[in-house]
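These are the residues of each chain, in order.
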Amino acid sequence: MNKIIEVGRTDIELVTKIEAMGTWESEKYNFDLHNSFDIWSFNGELYKIYKDSDKIK
């Protein structure tokens, strides 16, 4: 089983790259957006991206 890599909430460049080139796997909603996240796969790794990450809208 792969270890899930947590992406920093403010790492806009990495969040954008993973979401553009990766594959969405699942989501976990925990009480609010700050604690909720998506799991993405990219380049053979799994990434945890928080729903309130600072993204360019």
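Quick caveat: nothing in here was measured; it's all calculated off a predicted structure. (Residues numbered from 1 in each chain as written. Predicted model: local features only at pLDDT ≥ 70, side-chain atom pairs only at ≥ 80, totals over all residues. Heavy atoms only, no water.)

1. Let's talk about the pattern of salt bridges
Here comes step 1: Scanning the model with the defined rule gives three salt bridges in all.
Here comes step 2: The partner of D52 in a salt bridge is R9, and the shortest N-O contact between them spans 2.4 Å. Of this pair, D52 sits in the segment after β4 (45-50) while R9 sits in the loop between β1 (4-6) and α1 (12-21); the two residues are 43 residues apart in sequence, bridging distant segments of the chain.
Here comes step 3: Owing to a relative accessible area of 24%, R9 belongs among the partly exposed residues under this scheme.
Here comes step 4: Of the charged contacts, one joins D38 and K51 as a salt bridge, the two residues approaching to 2.8 Å between their closest N and O atoms. Of this pair, D38 sits in strand β3 (residues 32-42) while K51 sits in the segment after β4, placing them 13 residues apart in sequence.
Here comes step 5: With a relative accessible area of 10%, D38 lands in the buried category.
Here comes step 6: Judged by its relative accessible area of 25%, K51 is partly exposed.
Here comes step 7: One network of salt bridges, with partners in common, ties together E27, D38 and K51. (Salt bridge = Lys/Arg side-chain N within 4 Å of Asp/Glu carboxyl O. Helix = DSSP H or I, 4+ residues; strand = E, 2+ residues; numbered from the N terminus. Buried < 20%, exposed > 50% of the residue type's maximum accessible area, 1.4 Å probe, protein only.)

These figures come from the coordinates and say nothing about function on their own.
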